[in-house]
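Examining the three-dimensional arrangement
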Amino acid sequence: MSFLWHDWAGYIGVVLVLLAFLLLQARKLHGNGLVFQLMNVLGAVGVMLSLLFGSFNTSAFVMQLAWLLIGIYGIANSARVRRELRDVERKIHS
């Protein structure tokens, strides 16, 4: 059995998503942290690539698309919260 680049992308994606979840459960990462969100986003992209260029499965692709969008939302939301906290700190110190 030979592995093509999209197979590797899928396996790496799965490892990233599962590792992110394991580290969250072990309290090594925070659910709203950038590392956790990036692991999920990159993992979803990897799995989506394996589905697009390998054996396509609609339900798995929809799940990964949702995972990707939720991760992007988490990154954007965390950035907004950090920006708001910086603004509050600047007002306090001004």
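Let me begin by describing the structure that accompanies this report.

Conventions and cut-offs
Residues numbered from 1 in each chain as written. Predicted model: local features only at pLDDT ≥ 70, side-chain atom pairs only at ≥ 80, totals over all residues. Heavy atoms only, no water. Helix = DSSP H or I, 4+ residues; strand = E, 2+ residues; numbered from the N terminus. Buried < 20%, exposed > 50% of the residue type's maximum accessible area, 1.4 Å probe, protein only. Axes fitted to C-alpha atoms, helices over the stretch in contact; angles between N-to-C directions. Parallel < 35°, antiparallel > 145°, perpendicular 65-115°, else oblique. Left-handed = near helix turned anticlockwise from the far one by under 90°. Contact = heavy atoms within 4.5 Å. Nonpolar A, V, L, I, M, F, W, Y, C, P; charged D, E, K, R; others polar. Phe/Tyr/Trp six-rings, centres within 6.5 Å; stacked < 30°, edge-to-face > 60°. Salt bridge = Lys/Arg side-chain N within 4 Å of Asp/Glu carboxyl O.

We now examine unusual backbone geometry. Positioned with a positive phi, arginine 27 is a non-glycine residue whose angle comes to about 60 degrees. If you trace the backbone, arginine 27 turns up in the loop between helix H1 (5–25) and helix H2 (34–53). Classification of arginine 27 as exposed rests on a relative accessible area of 74%.

What follows concerns the packing of H2 against helix H3 (residues 58–93). Here H2 crosses H3 at 155 degrees, and the two axes come no closer than 8 Å. By the angle between their axes, H2 is roughly antiparallel relative to H3. Crossing hand, H2 versus H3: left-handed. Here H2 contributes Leu34, Gln37, Leu38, Asn40, Val41, Gly43, Ala44, Val45, Val47, Met48, Leu51 and Leu52 to the contact with H3, which in turn contributes Ala60, Phe61, Gln64, Leu65, Trp67, Leu68, Ile70, Gly71, Ile72, Gly74 and Ile75. Of the residues in the contact of H2 with H3, the class split is 17 nonpolar, six polar and no charged.

Let us look at the packing of aromatic side chains. Describing an aromatic ring pair means giving the distance of the ring centres and the angle of the ring planes. Counted under the stated rule, the structure contains four aromatic pairs. Ring centres of phenylalanine 3 and tryptophan 8 lie 5.2 Å apart, and the angle between their planes is 50 degrees; on these two criteria the pair is classed as tilted. When its relative accessible area of 35% is taken as the criterion, phenylalanine 3 is described as partly exposed. A ring pair is formed by phenylalanine 56 and phenylalanine 61, whose centres lie 5.4 Å apart and whose planes are at 45 degrees; its orientation type is tilted. Under the relative-accessibility criterion, phenylalanine 56 is labelled partly exposed at 48%.

The next point concerns the pattern of salt bridges. What the rule picks out here adds up to two salt bridges. Between arginine 80 and glutamate 84 there is a salt bridge, and its shortest N-O distance comes to 2.9 Å. Taken as a pair, arginine 80 and glutamate 84 lie in helix H3 at a separation of four residues, close to a single helical turn. On the accessibility criterion, arginine 80 (35% relative accessible area) is partly exposed. Judged by its relative accessible area of 40%, glutamate 84 falls in the partly exposed class. Across the salt bridge formed by aspartate 87 and arginine 90, the nearest N and O atoms sit 3.6 Å from each other. In this pair, aspartate 87 and arginine 90 both sit in helix H3, three residues apart, roughly one turn of the helix. Its relative accessible area of 35% is what places aspartate 87 among the partly exposed residues. Residue classification places arginine 90 among the exposed residues on the basis of a relative accessible area of 52%.

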